[in-house]
Every structure is written in structure tokens, then in C-alpha cells.
Amino acid sequence: MFFVLSYLAGALTIVSPCILPVLPFVFASGTRPFRRGGLPLLIGLAATFALVGSVATLGGNWLTQANEAGRWLALSLLALFGLMLLSSGLAERAMQPLVRLGEKLAAKAGEGGGFAGSFVLGIATGLLWAPCAGPVLGLILTGAALSGANARTVLLLLAYAAGAATSLAVALLAGSRVFTWLKRYLGADRWVRRGLGVAVLLGVAIIATGMDRGLLTRYSAANTDAIEQWLIARLPTGQAPAAMTGSGSMTGSTGMTGTGIGTGEPTDSDLLQFAGAVSWLNSAPLDAAALKGKVVVVDFWTYSCINCLRSIPYTEAWARKYADQGLVVIGVHSPEFAFERDPDNVKRAIRDLGITYPVAIDNDYAIWQAFQNQYWPAHYFFDATGRIRYQHFGEGKYEQSEGVIQGLLAERNGAKPAAGFVQVNATGSQAASDETDLQSPETYIGYRRTSDQFASAGGLKPDEAVLYAAPGDLPLNDWALAGNWTVKPEQATLNEPSGRLLFKFHARDLHLVLGPSVPGQAIRFRVTIDGAPPGEDRGADIAADGTGMIDGQRLYQLVRQSGAVRDRLFEIEFLDPGAQAYAFTFG
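Criteria and cut-off values
Residues numbered from 1 in each chain as written. Predicted model: local features only at pLDDT ≥ 70, side-chain atom pairs only at ≥ 80, totals over all residues. Heavy atoms only, no water. Helix = DSSP H or I, 4+ residues; strand = E, 2+ residues; numbered from the N terminus. Buried < 20%, exposed > 50% of the residue type's maximum accessible area, 1.4 Å probe, protein only. Contact = heavy atoms within 4.5 Å. Areas by Shrake-Rupley, 256 points an atom, 1.4 Å probe, with all protein chains shown as cover. Core = buried A, V, L, I, M, F, W, Y, C linked by side-chain atoms within 4.5 Å. Pairing = 2+ DSSP bridges. Axes fitted to C-alpha atoms, helices over the stretch in contact; angles between N-to-C directions. Parallel < 35°, antiparallel > 145°, perpendicular 65-115°, else oblique. Left-handed = near helix turned anticlockwise from the far one by under 90°. Nonpolar A, V, L, I, M, F, W, Y, C, P; charged D, E, K, R; others polar. pLDDT = per-residue confidence, 0-100. Expected span 1.5 Å × (residues − 1). Salt bridge = Lys/Arg side-chain N within 4 Å of Asp/Glu carboxyl O. Phe/Tyr/Trp six-rings, centres within 6.5 Å; stacked < 30°, edge-to-face > 60°. Lys NZ or Arg CZ within 6 Å of the ring centre and 35° of its normal.

**Q** Would you take a moment to explain the overall build of the protein chain for this structure?
**A** Of the regular secondary structure elements, the protein chain holds 15 helices and 18 strands. In the protein chain, buried positions account for 51% of the 587 residues. Taking the contacts inside the protein chain whose residues are at least 6 apart along the sequence as the reference set, 77% of them involve residues at least 24 apart. When the accessible surface of the protein chain is split by element, carbon and sulfur atoms take 58% of a total near 24,900 Å².

**Q** Where do I start with the nonpolar core in this structure?
**A** What tends to happen in soluble globular proteins is that the nonpolar side chains get buried as a cluster. In this structure, Phe 274, Val 298, Phe 300, Leu 327, Tyr 380 and Phe 382 are the most contacted members of the largest nonpolar core, which totals 62 residues. Per-element accounting of this core gives the leading share, 9 residues, to helix 12 (residues 306-322). Excluding anything up to four places from it in sequence, Tyr 380 contacts Val 296, Val 297, Val 298, Phe 300, Phe 371, Asn 373, Ile 388, Tyr 390, Gln 391 and Phe 393. Ranked by size, the runner-up nonpolar core spans 34 residues in total, among them Ile 445, Tyr 468, Leu 512 and Ile 523.

**Q** Sorry if this is basic, but what is going on with the pairing of strand 10 (residues 479-487) here?
**A** Two faces belong to every sheet, and in a regular strand the side chains alternate between them. Of all 9 residues making up strand 10, 9 are buried, and the element is well covered by its neighbours. By the bridge criterion, 3 bridges tie strand 10 to strand 11 (residues 492-494) in an arrangement that is antiparallel. Directly across from Trp 485, in strand 11, lies its bridge partner Leu 494. Between strand 10 and strand 11, which pair antiparallel one after the other, the connecting turn spans 4 residues.

**Q** Mind showing me how you'd approach the packing of helix 12 against helix 15 (residues 398-413) here?
**A** To describe two helices that pack against each other, one gives the angle between their axes and the distance between the axes. Direction vectors running N to C along helix 12 and helix 15 enclose 25 degrees, while the axes themselves pass 11 Å from each other. When the axes of helix 12 and helix 15 are compared, the pair comes out roughly parallel. The two elements helix 12 and helix 15 meet at a crossing, and its hand is right-handed. Across the interface between the two elements, Arg 310, Ser 311, Tyr 314, Trp 318, Lys 321 and Tyr 322 from helix 12 touch Tyr 398, Ser 401, Glu 402, Ile 405, Gln 406 and Leu 409 from helix 15. When the residues that make up the contact of helix 12 with helix 15 are grouped by side-chain class, the tally is 6 nonpolar, 3 polar and 3 charged.

**Q** Just checking my understanding: could you explain the confidence of the model for the protein chain for this structure?
**A** Low pLDDT means the predicted coordinates in that region are not meant to be read closely. The pLDDT averaged across the protein chain works out to 76; a share of 59% of its residues lies at or above 70. Under a pLDDT of 50 for its full length, residues 57-67 has, in the predicted model, 14 contacts with residues more than four places off or in other chains. Within the model, the stretch residues 228-266 combines pLDDT values under 50 with 81 contacts to residues more than four positions away or in other chains.

**Q** What exactly am I supposed to notice about helix 15 here?
**A** Structural remark: α-helix, 3.6 residues per turn; residues separated by three or four positions point the same way. Along its 16 residues, helix 15 runs 22 Å from first to last C-alpha, staying within 8% of the 22 Å computed at 1.5 Å per residue. Every buried residue belonging to helix 15 is among Tyr 398, Ser 401, Glu 402, Val 404, Ile 405, Gln 406, Leu 408 and Leu 409, and all of these are buried. Taken together, the buried residues of helix 15 touch strand 3 (295-301), helix 12, strand 4 (327-333), strand 6 (378-382) and strand 7 (388-393). Immediately downstream of helix 15, the backbone of Gly 414 shows phi near 75 degrees, a positive value.

**Q** So what exactly am I meant to see when it comes to the pattern of salt bridges here?
**A** Close approach of charged atoms allows side chains with opposite charge to pair. Within the structure shown, the criterion is met by 17 salt bridges. Close ionic contact of Asp 383 with Arg 387 constitutes a salt bridge, the shortest N to O distance being 3.3 Å. As a salt-bridge pair, Arg 389 and Asp 383 come within 2.6 Å of each other at their nearest N and O atoms. Neither Arg 389 nor Asp 383 differs from the other in exposure class; each is buried. Through salt bridges with shared partners, a single network forms among Asp 383, Arg 387, Arg 389 and Glu 411.

**Q** I tried to follow the packing of aromatic side chains on my own but got confused; where do I start?
**A** Each aromatic ring pair is summarised here by two numbers: the centre-to-centre distance and the angle between the ring planes. Per the stated rule, a full pass over the model turns up 26 aromatic pairs. Aromatic side chains Tyr 380 and Phe 393 sit 6.0 Å apart centroid to centroid with 65 degrees between the ring planes, which places their arrangement in the edge-to-face category. Remark: Phe 393 occurs in strand 7 and Tyr 380 occurs in strand 6; sequence separation between them is 13 residues. Each member of the pair, Tyr 380 as well as Phe 393, carries the same accessibility label: buried. Ring geometry for Trp 485 against Phe 574: centres 6.0 Å apart, planes inclined by 75 degrees, an arrangement best described as edge-to-face. Taken together, the residues Trp 485 in strand 10 and Phe 574 in strand 17 (residues 568-574) connect sequence positions 89 residues apart. Judged by its relative accessible area of 0%, Trp 485 is buried. Under the relative-accessibility criterion, Phe 574 is labelled buried at 0%. Members of the aromatic cluster, connected to one another through ring pairs, are Phe 300, Tyr 365, Trp 368, Phe 371, Tyr 375, Trp 376, Tyr 380, Phe 382 and Phe 393. Above the face of the Tyr 444 ring, Arg 449 is positioned so that its terminal group lies 3.9 Å from the ring centre.

Right, here's the structure in full:
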């Protein structure tokens, strides 16, 4: 069923503004027979998009750089194609070396070209096509990021691309009839070809300057998101990608699940191989052999997760207290945001948080998938024989978890550890939350997971620079942007100085995940609460007058109310452009 939904969502792109820059390249092939012009181009476009989209879920800086190089190569190829449409002489000269090599990519200004030539142009077009990430494509890509680029991911993306290719084929067949009529009855062959050449070059210019993700969208009223949401709502239960079922992982749940002591599985020790770890910090790589005979606690975390930050003081205290009694704590860092894939960012976080136990870097989610994990944080407790005996998801119940550790160590050593539990006096963002009067939920800024509480006039506009205005009043848990922002899948980026972000909240603490768009850039900001400096209600990362500085990609504690908790209007103004805001969390 989800494959059908992906196909329909792709077909809807024909009315989306994001398809506009691709249309000149598609219609330029309409001057040839469909089987030799349009069909191979559409096959190349769909196959390339599915392949690049699948590989992109693996992430990594090398892929970003390779894709950028591929886009510029594709732009160059299509620019040459447009010039060949304008000039028959240029087309003949350009084609001579290819003819000698036996590569018939086109002939005489793009007319009568073979299947291979159109297919190559389709590949180039596929490298440039960046469809609007509506709800369906967002589900596919987010699920693939956690589950990995597997056969199902490729098929879903291929179904999406096939839907787009189908609607483009209908448009192409209709357009080709118009071109045929113009040539037959008006003798306008040369002018049609030149007009298409101008359109192709205009498309190249639009994509090269980034206007395809901004200006075109701004002047289009087409919005397929509502239709896609309607389709998703009618999916049978359980048909959504499995990776989406853990999307509420940072809600602060303290629920305990697990089998309890005494009912582990003998194959659990395979999980202690930590196969797929990209690298290790604070230790050489560890595996089941190195951990044989040890009691092991595995902690899944990511460094911008507030719930993870509040649990780390306890895992660190356990690691120190019970190390000489046979306990090994291992952190598995599985990133939520793209910037958390950067090893230098993780190293800095480990240093700042005072983590001394081994940490496996799980950028490809290989360990996450092996454990079938769905939450940050998640703790898995292994006995000395390598069996999982207990697991706990979320914050809290630390004494109960430590009691499990003590019981497993007693089994291993034949004697109970010293009585009592660790005492933690965490400060700043790592201090325990106040759950007694917490009425504001975690809220993402990027459009892939944002809530429907966005209150700026005109609504949120994905992937385009928009001058937003804040409303005069915000209801509880609504948020708004003011100034020139571009909202992307994971975050919103400020394009000009003095942009603002507002939230009406009810909680003791307010945190915001922030970062600069350029690594190393320092961005000044100023926080107000109900229009005044925070004073005694300031968070750990700002001064009493509300001033602060973005010094890296991380979670910032901006508010800690000292008095009674009540509804408050939070506002942060960024004095410099380039600020990126990812998510609000509360405590």
C-alpha cells in the first residue's frame, strides 16, 4: 500500500513548483519520437533520483561533496545541450568527437538522437531534480535514515520517481503534439528548437543560482502537502515505515520495559560485537570477546537530546563506581541531526560532558538496527554471560536501574556490591527536569517533523527564503518566526540580521538546539521573557541581560525559571545572520 502512496505522491509533483526547472529539459526531448527521446530521458531521471536518494540516506560529507560535483557536471552537460539547440553549427562540432568514439548521444542539435543519448541527459536531469519534500517523501527519507538504504527504500524512492515520470510523460506527449503541429503547419522547426534551447539555458541558470528552491515556489499556489496527508491518513495501520514508530523518542518517557532479571536470550551476546561502529572514542574497539565475563550497560544517546544529557551523569557515575567490580558502560552515539554525525562535534561533546567510558560512533545506525532500538536514551543491561537481562527507555528510575547492576554484579562476583546508590548533583541542562508542571511538548523547527502550532501569517514555506512576521499574540505552545528565514527539513536558517524566534511555553526550563550555518561562525543573540531580560530566570547559556553567543552545534539552555512556573512568552533575536534553529525541548 505504501508503494502505491509513494507512486501517487510522485505523480502529484507535476503540479508542484519544484518540477518547473526540470520541465525545459523534458520538453526539449519532445521534438524527437517518444521512444527515443522522452522515454529514455524519463527512465534516466527516475533511476538516478532513486539511486541518489537511497545513497543519500547514508549521509556523510563525502557524499555531499560528490553530489555537489555531480550537479555541476550535470549543469554543464545540460548547458551544452541548450547551446546545441540554439546553434546547429555548434551541435555538429560538439558531436564529431562523440561520433568518432561511437557514442551517439544526440544528432544535429538534439534531433534524432538515440536512446543512449537521451538516457544520459535523463541522468543529468535526475542529478538536478530536488522535489519538494512533502509528507510522503519526508516519511521515506526519515525512515531510511534510521533503517538504512535497503531494497525497500530503493523501491519506495523508485515508486516516487516513477510517479513523477508518469505525469511528466503525459505532459511530454501532449507537448510533442504541439511541437509536431508547429513544425508541420507553420514551418517553425528552427524557432521551436531555439526556443527550447533558451528554455534549457534558463533552467540551468535558475538551478545554478538556487532560484528553483526559492523564487519559483514563492509564486506558485500549488501545494500538494494537504493531499499527501489525506492519503497518509488512509493508510492501513502499520503500513508506515517502521523507523517512524520511534519518532517520539525525546518526550522524556520514563516507562520501563524489559524481560526482568533471569530470562535473557543466549544469542544476545551477538549484539556486543557492535558490528558497524564507524569509530570508537575513549577506547579501542570492543567486541563480545573483549567483554567476556563483564556486566555491560549499553546506553544509546545523541548529544543534543535533552533526555540523554540528563541521564549521562548517572551512567558516568555507574561506570566510575563499579568499574573495578566488573561493570563496563558503553555509549552508542546514534545521531538525530546531521551535525551530530561530525566526529569532532561528538568528541567536543564527550569532553564537555565529562564522559570517560567507551563510546561507539553509530553514524550508519547499524548498532541501532541490530538492537531494534527506537529511543533516545535507551539502556540495555547484559549479565556476565552476555545475555540481556533488563532494558529501560527514557529518563528516570535510576535507583531501580542501579539495583539491576548491583544484582548482576552479585551474580558475577558471588558477593553483593556495597550498599547505596550514586548521588548526582547535575547542573545546567543536565539537571533533572521538573515534571510536576510541564505543559509544553518538544517541538521541531524543520518542516519534516514540525507541529501544526506554527503561527506566522501565511504558514510555513519549505525550502524558500521568506520574510515572516510574528502575530500580535501567541496561544500556549504556538511558535512563530519573524524576519527572513529559510525553513529546511531539519532546521530553519536565518538569512538576514535581526531575525526572531518566538514560543509561548509553560515549563521551568526551555532549551533550544542551535548552530551556525558556517562552522566556527560566532552568532550573537538576545533572549527576552515576556518582553524583558530574563534576569534570575536565565538559563545556563546566557547572561542575566539575555545576551549569548552560538559557539557550536549543540543544545542551549536559555530559560530556567526561579519562581512559580506559568505561561511565558519566549523570544530570541539573532543579531547576526546564519543562525540555525532545530528544536525546542522543555523540562
